[in-house]
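Summary of the model geometry
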Amino acid sequence: MEEKYNALFTPWKIGNVTIKNRIVMCPMGGTSLFGWMQPNHFDKVAADFF
């Protein structure tokens, strides 16, 4: 791996939380309590994909 990517795999501290690496993914679903009832909800098949 190229040296310029080494920082991606080092811990990152945000407040009291330590993230083990800097590779992140944005949220994929809504925060609605009843979101699972919507026809286009983020389901197990999509979760398995990621």
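Evaluated as defined, the whole model comprises one salt bridge. Between K4 and E2 there is a salt bridge whose closest N-O contact spans 3.7 Å. In this structure E2 comes out as partly exposed when scored by relative accessible area, which is 47%.

As for its placement among the helices and strands, M25 is situated in the loop between strand 2 (17–19) and helix 1 (44–49). With a relative accessible area of 53%, M25 lands in the exposed category. Between the C-alpha atom of M25 and that of F50, which follows or precedes it by 25 residues, the distance is 9.8 Å.

Basis of the calculations
Residues numbered from 1 in each chain as written. Predicted model: local features only at pLDDT ≥ 70, side-chain atom pairs only at ≥ 80, totals over all residues. Heavy atoms only, no water. Salt bridge = Lys/Arg side-chain N within 4 Å of Asp/Glu carboxyl O. Buried < 20%, exposed > 50% of the residue type's maximum accessible area, 1.4 Å probe, protein only. Helix = DSSP H or I, 4+ residues; strand = E, 2+ residues; numbered from the N terminus.

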